[in-house]
Amino acid sequence: MRESEIIRLFMRRLKNQGDLPLGDDAGAIRLGDVWLVATDDMLVRKTDVPDIMTPEQVGFKAVTMNVSDVAAVGAKPLGFLFSLGVPWDVNEDYLEGIAEGIEKALEFYDVPVLSADTNEADDLIIDGAALGVTERPLTRSGAKPGDLVCVTGDLGRALAGYLVWREGLEAPEKTLKVLYEKFLEPKARVREGIKLSGIANSAIDVSDGLSKELHLLARMSGVRIELGSESLPIRDEVIEVAGLLGKDPVELALLSGEEFELVFTVEPEKAPSLDFDFSVIGRVVEGEGVYLDGKPLSPLGWEHMEHMNVY
C-alpha cells in the first residue's frame, strides 16, 4: 500500500477528537481564546538520511520537520517531544551527534524539549512531536477564489543538492554550498508562519514537493490553482544543476521535497502587509485541480512506499 492509501485507511477508522478536521499539517484543540496545536513527524534513517548527512544534521532535521508543521498552521512552537529507536549498529559518537543536533535546533527555534523515550529498533528512528499555540489556525481547506498563491524562499535546492550527491556530479564549491544548505540543513519558516496566521486564508509546508502540496490545497479547499512557471522562485544554482542533468529546472522546483518553505494563499489587498520575502506564483480560481501555464499538472512528489518519481 502507498502512504496515501494507508492514511485514508486510518482516517476511515479513527474518529477525530480535535476541533479541526484531520488532514492538515497539525491538529488543534481550542483552549479558551487560543488553539493548542499538536503534530508528529517521524524520521527514519533508511528513507530520510542520506549517507552524506552528519548525525548533527540528522538531529536538527528531526526537530525542523515537526516545527515546520506547527509553523504551517500559523502557530508559535511551544515544545518538542521525541522517541528514539536505536539499532545495534549505531555507536555512542553518532548518538552524541544526534543529541547535539537536537540541542542546536531547540536553541535555534527557541523551544524546550518536554519529554523523550528510547527503545531498541531495526533502524534508526526519531519519532518527533511538537506543540504550538495560535489565535487563528491556518488550514489546507481555506483557499478562496481570488486569492494569490504564494511561497516563501526559493524552490528546488533540496532536490538539486540530493541529485548532485547521488550522481556524483562535479560542481563549483559555491554551488555545492548553496544547494547543500537546503539539502542537508533546511530550516522551518516559524516567523513567517506566525505572521501568516492573522493574514492568510490557507497554508501548507513543502515537505513532499510543491506539486503534491498544491494538489492537497486545491482538493481540500475545493478550488482550482493556476500557476505560472516563470513565477517560480528558482535560484541559478538549481538551473545550473538541471542543465548538467538534462532536466527542466521547473520540474526540480515542483518535485523537490523537504524544502520546508510555506505555500499560502492570501487576498491580494492583504499581501502588502506581509513583512517577509515571498513570491506570488499563481492564483486561486473556481474549479478543481492544479494547472501550470494553462495545462493540468500531475500531483508528483515524494510518497513513502512508492518510489516512482525523480527521486
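That block above? That's the structure.
Source: prediction; values computed, not measured.

**Observations regarding the packing of helix α5 (residues 157-167) against helix α9 (residues 236-245)**
Then step 1. Look at α5 against α9: their axes get within 10 Å of each other, and the N-to-C directions meet at 40°. Taken together, the axes of α5 and α9 are oblique relative to one another. Here the hand of the crossing between α5 and α9 comes out left-handed. On α9, the residues touching Arg157, Ala160, Leu163, Val164 and Glu167 of α5 are Val238, Val241 and Leu245.
Then step 2. For the contact of α5 with α9, the per-class residue count stands at six nonpolar, no polar and two charged.

**Let's talk about helix α8 (residues 210-221)**
Since the α-helix packs 3.6 residues into each turn, any two residues three or four apart lie on the same face.
Then step 1. Its twelve residues place the ends of α8 16 Å apart at the C-alpha level, agreeing with the 16 Å of an ideal helix rising 1.5 Å per residue.
Then step 2. Of all twelve residues in α8, ten are buried; the element is thus mostly enclosed.
Then step 3. If you check which residues of α8 are buried, you get Leu210, Ser211, Lys212, Glu213, Leu214, His215, Leu216, Leu217, Ala218 and Ser221.
Then step 4. Directly after α8, the chain includes Gly222, whose backbone phi takes a positive value near 70°.

**Quick look at the layout of surface pockets**
By rolling a water-sized probe across the atoms, one finds the places where empty space is left.
Then step 1. Its boundaries defined by the atoms lining it, the second largest pocket holds a volume of some 170 Å³.
Then step 2. Lining the second largest pocket are Asp154, Arg157, Glu181, Lys182, Glu185, Pro186, Lys187, Ala188, Arg189, Glu259 and Glu261.
Then step 3. The class makeup of the residues in the lining of the second largest pocket is two nonpolar, no polar and nine charged.

**Here's the deal with unusual backbone geometry**
Then step 1. The residue Asp110 is not glycine, and still its phi comes out positive at about 55°.
Then step 2. With respect to the secondary-structure elements, Asp110 resides in the loop between α4 (92-109) and β4 (113-120).
Then step 3. Accessibility expressed as a relative area gives 65% for Asp110, which makes it exposed.
Then step 4. Positive phi, normally seen in glycine, also occurs at Asp293, with a value near 55°.
Then step 5. Looking at where Asp293 falls in the secondary structure, it is placed in the loop between β11 (289-292) and β12 (295-296).
Then step 6. Residue classification places Asp293 among the partly exposed positions, given a relative accessible area of 47%.

**Quick word on the pattern of salt bridges**
Then step 1. Enumeration according to the criterion identifies 17 salt bridges in this entry.
Then step 2. Put simply, Glu258 and Lys61 hold a salt bridge, and the shortest N to O gap is 2.6 Å. With Glu258 in the loop between α10 (249-255) and β9 (262-266) and Lys61 in helix α3 (residues 55-72), this pair connects stretches of sequence that are 197 residues apart.
Then step 3. The partner of Glu167 in a salt bridge is Arg166, and the shortest N-O contact between them spans 2.9 Å.
Then step 4. Taking the relative accessible area as the measure of exposure, Arg166 reaches 37% and is therefore partly exposed.
Then step 5. Through salt bridges that share partners, Lys182, Arg189, Glu192, Glu259 and Glu261 make up one connected network.

Cut-offs applied
- Residues numbered from 1 in each chain as written.
- Predicted model: local features only at pLDDT ≥ 70, side-chain atom pairs only at ≥ 80, totals over all residues.
- Heavy atoms only, no water.
- Axes fitted to C-alpha atoms, helices over the stretch in contact; angles between N-to-C directions.
- Helix = DSSP H or I, 4+ residues; strand = E, 2+ residues; numbered from the N terminus.
- Parallel < 35°, antiparallel > 145°, perpendicular 65-115°, else oblique.
- Left-handed = near helix turned anticlockwise from the far one by under 90°.
- Contact = heavy atoms within 4.5 Å.
- Nonpolar A, V, L, I, M, F, W, Y, C, P; charged D, E, K, R; others polar.
- Expected span 1.5 Å × (residues − 1).
- Buried < 20%, exposed > 50% of the residue type's maximum accessible area, 1.4 Å probe, protein only.
- 1 Å grid on protein atoms, 1.4 Å probe; cavity = no way out; pocket = protein on both sides within 12 Å on 5 of 7 lines; lining within 4 Å.
- Points joined across faces, edges and corners; volume = space filled by probe spheres on them.
- Salt bridge = Lys/Arg side-chain N within 4 Å of Asp/Glu carboxyl O.

Taken by themselves, the reported measurements are silent on function.
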